[in-house]
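Listed below, chain by chain, are the residues.
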Amino acid sequence: MTPRLGPARWAAPLRRGGVGVAALVLACALWELYKLVGPDAGAHLFGASVLPRSDARSMPHVWDVVARMGTPESSAAGSPSVGVAMLHACWFTLRVSVVGWLAGVVGGFALAVVMHGSRIAEAAVYPWVVLSQTVPLIALAPLVVGWGGKIHLGDLVWERWMSVALIASYLAFFPVAVGALRGLQSPQQAHVELFRAQAASPWRTFRSLRLPASVPYVLPALRLGAATAVVGAIVAEVSTGTKGGIGRLIIAYAQSASGDPAKPWAAIVAAGILGLVAAGLVSLLGLGLGRYRIAEVS
Amino acid sequence: MSTQIPTGTLAPARPATGLTPAVEARGVGKVFTTRAGAVTALENISLSIAPGEFVSLIGPSGCGKSTLLRLIADLDAPTSGELSVFGKAPRVARENQDYGIAFQQAGLLPWRTVRANIELPLELHGVGRAGRAARATELLELVGLPDFAGHFPHQLSGGMQQRVAIARALAEQPSLLLMDEPFGALDEMTRERMQTELVRICQESQAAVVFVTHSIPEAVFLSDRVVVMSPRPGRIRQVVPITLAGGAERSEELREDTSFFAAVTEVREALHEGHVDRGGSGGTAPTSTPRGVDAR
């Protein structure tokens, strides 16, 4: 590996960004290409649909979706444009997701530390960590809301968004717990013995060896956690009936799918962008940690 | 067993500067319990290493030379016998930081600069920033890498990384240096240069060295004594004192000296004894041929 100095340091992120934009353009082009050549009514083989419909109701033009964002949400006086409503909803969901992500990261990392600390704890806890992800979120959502209603901690009033954040954290903790555990266990035998030969305390070994060594594993886990926190928040909004977020917006806009097909697509695009923004924000964390990621590449 | 040589009684080539030996092993054994049963890695090892003495452990794979080093470093515990480092239990010696250690893999922390890697042991033991920096500068000078202080390990060649690892092992001015095939992964040219440097470094630091190696010329060039070991179970077969022209001065020319070749032959014959019958080998040490020992 060559040292990352000077302009080369920025070339790689720029190239990655360029590839990302190109992928987006390509996706739009494919969408339009299918609209051009695909059959309007789709294709059926022995009664089963094998090709989707490409008519304007099922697949609005990309530019129609973009244009729809600039026009008012409804015909009611003073209604905001779809784009503005989207931004508001995204901002709400993003904040809830961040709270859920933070809780998930703290919880996931704590679990990883506990599991790393003792083999018995790992054997006891790890299967539950994996099992937790097999429980469907929609089954949990009403339960969490129900428990939330019963929580009275002094002045704390349990609000609906807190339930949403909790459910988001339930998804976000998983990659963090798994990634951090792998990371904490990643130092080579030679390094561990080096610290042992120096009579370093377990805490010192943790701080100066295991924690830095876990960075290449934890960063992708944090990114993944951010994306799943957004998904968790959106699903939780829908299943708990929380107002104000993008999840609610998707449901609301879906109702106008037949008459105004570009509108639900706008909400779906917004949810996608929100996930990207969340993962992107977390990626920024990695910028200052370059030296800990050398092991990732070499 | 009649095959055991009372090596502990052999006088070190270099006179001891202190009364307590750097390493003293009396009847040390190590048995690993594996799923397949008990494996005897070391049996009845008796050896005394004087302060400032350079001793190499040589022998075929599986002769337990690395295991012996790990026992001295307290990375493993012996299952029988007595082992002391500067008169203390190995655990105490480890906790007192009486030794520095270097492995075959340099084992530098990739996220630390060369300087920070060298400072690691000092940092772990609470030496202040200024003290660490001064010592690191000294060591960088010693291993010939003053221009690479700010580099990261992956920017260095294998030989340079190994020099950093040696500098790190020397950071706390240990009176004992434990090295497990530190040049094993290097090419021959780099290896010879590193050996010459190690001789110089050892003369400057006055540390006793236990050096594990596969290479006969390397062991001969570096050592005051070469401990030849045999495998299954790991035992000391013979201890060969090395007397080269020029005494402790080991220069490049020495590699072509007749005394060097004579010592190499002597160690080689000690290694192959019991496997190839070569007759008289100079008769420097009272040896008996171990039976049933498989030497490569």
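None of the values given here were measured: they were computed from a predicted structure.

So, how was this worked out
- For every chain, the first residue of the written sequence is number 1, and numbering continues from 1 along that sequence.
- Starting at A for chains and at 1 for ligands, labels are handed out in the order in which the entities are written.
- Where totals are concerned, whole chains, interfaces and linings use all residues; where local detail is concerned, this predicted model gives features only for residues with pLDDT of at least 70, and gives and counts side-chain atom pairs only at 80 or more.
- Whether two residues are in contact depends on their C-beta atoms, placed from the backbone: they are in contact if these lie within 7 Å.
- Here a helix means four or more residues in a row that DSSP labels H or I, a strand means two or more in a row labelled E, and each is numbered from the N terminus.
- Note on residue categories: nonpolar means Ala, Val, Leu, Ile, Met, Phe, Trp, Tyr, Cys or Pro, charged means Asp, Glu, Lys or Arg, and polar means any other residue, Gly included.
- When DSSP finds two or more bridges between a pair of strands, those strands are recorded as paired.
- Every axis corresponds to a line fitted to the C-alpha atoms, with the helix fit spanning only the stretch in contact, and the corresponding angles, defined between N-to-C directions, vary from 0 to 180 degrees.
- Orientation categories follow fixed angle ranges, with anything under 35 degrees roughly parallel, anything over 145 roughly antiparallel, 65 to 115 roughly perpendicular, and all other angles oblique.
- Whether a crossing is left-handed or right-handed is set by the direction in which the near helix is turned from the far one by less than a right angle, anticlockwise for left-handed and clockwise for right-handed.
- Residues are called buried when their C-beta atom has 20 or more other C-beta atoms within 10 Å, exposed when it has 12 or fewer, and partly exposed otherwise; all C-beta atoms are positioned from the backbone.
- Comment: arc refers to directions from the helix axis out to C-beta atoms.
- pLDDT measures how confident the predictor is about each residue, on a scale from 0 to 100.

Observations regarding the interface of chain B and chain A
And step 1. In this assembly, 17 residues from chain B lie in contact with 18 residues from chain A.
And step 2. Elements with a minimum of two residues in the side of chain B that touches chain A: α2 (90-95) and α3 (114-124) of chain B.
And step 3. Here the residues of the side of chain B that touches chain A are counted per class, giving ten nonpolar, five polar and two charged.

As for the sheet that holds strand β4 (residues 80-85) of chain B
Working definition: the strands of a sheet are paired by backbone hydrogen bonds and lie parallel or antiparallel to each other.
Residue and element names in this part refer to chain B.
And step 1. Strand order in the open sheet formed by three strands is β2-β1-β4, and the pairing between neighbours is antiparallel. Each edge of the open sheet carries a strand with a single partner, namely β2 (37-49) and β4. Between one strand axis and the next, the sheet turns by 30° as a mean value, whatever way the strands run.
And step 2. Pairing of strand β1 (residues 23-34) with β4 involves five bridges; the strand directions are antiparallel. Residue pairing in the sheet places R26 in a bridge with E82 of β4.

Re the packing of α3 of chain B against helix α4 (residues 129-142) of chain B
Residues and elements named next belong to chain B.
And step 1. Between α3 and α4, whose axes approach to 9 Å, the crossing angle comes to 125°. Relative to α4, α3 is oriented oblique. Taken as a pair, α3 and α4 cross one another with a handedness that is right-handed. On α4, the residues that touch R115, I118, E119, L122 and E123 of α3 are R132, R135, A136, L139 and L140.
And step 2. The residue inventory of the contact of α3 with α4, partitioned by class, reads five nonpolar, no polar and five charged.

Thoughts on the pairing of strand β7 (residues 208-213) of chain B
All names here are of chain B.
And step 1. Counted residue by residue, β7 has six buried out of six residues, so it is predominantly covered.
And step 2. Residues of β7 alternate between two faces, with A208, V210 and V212 on one and V209, F211 and T213 on the opposite face, all of them buried.
And step 3. Here five bridges tie strand β3 (residues 54-58) to β7, and the two strands are oriented parallel to one another. Considered in β7, the bridge of L57 is made with V212.

Let's talk about helix α2 (residues 62-70) of chain A
Residue pairs three or four apart in sequence face the same way in an α-helix, which turns once every 3.6 residues.
All names here are of chain A.
And step 1. Restricting attention to buried positions, one finds in α2 the residues V65, R68 and M69. The arc that holds the buried residues of α2, viewed along the axis, is 105°, so those residues lie on one side. Projecting away from the buried face of α2 at angles above 90 degrees are the exposed residues W63 and G70.

Remarks on the confidence of the model for chain B
All names here are of chain B.
And step 1. Considering every residue of chain B, the mean pLDDT works out to 77; 84% of them sit at 70 or more.
And step 2. Within chain B, the element-level pLDDT minimum falls on helix α8 (residues 258-272), averaging 79, and the maximum on β7, averaging 90.
And step 3. pLDDT under 50 marks residues 1-17. Its contacts with residues more than four places away, or in other chains, come to 35 contacts.
And step 4. Here residues 276-296 is modelled with pLDDT under 50, and outside its nearest four sequence neighbours on either side it reaches 31 contacts, counting other chains as well.

Regarding unusual backbone geometry
Residue and element names in this part refer to chain B.
And step 1. Cis geometry is found at the peptide bond from R232 to P233, where omega equals -10°.
And step 2. With respect to the secondary-structure elements, P233 resides in the loop between β8 (225-230) and β9 (235-241).
And step 3. Unusually for a residue other than glycine, D74 sits at a positive phi of about 60°.
And step 4. Unlike most non-glycine residues, Q173 shows phi in positive territory, near 45°.
And step 5. Take Q173: it is sitting in the loop between α5 (158-170) and β6 (176-180).
And step 6. We classify Q173 as partly exposed; it has 13 C-beta atoms within 10 Å.

Structural notes on the pairing of β8 of chain B
Residues and elements named next belong to chain B.
And step 1. Judged by how many residues are buried, β8 sits mostly within the fold: six of six residues are covered.
And step 2. Neither face of β8 is open: one carries R225, V227 and M229, the other V226, V228 and S230, and all of them are buried.
And step 3. Relative to β8, β3 is paired through four bridges, and the arrangement is parallel. Bridge pairing in β8 links I58 to V228.
And step 4. Bridge analysis of β8 against β9 gives six bridges, and the strand direction is antiparallel. Residue pairing across strands places R225 opposite P241, the latter belonging to β9.
And step 5. Joining the antiparallel neighbours β8 and β9 is a turn of four residues, in which R232 adopts a positive phi near 45°.

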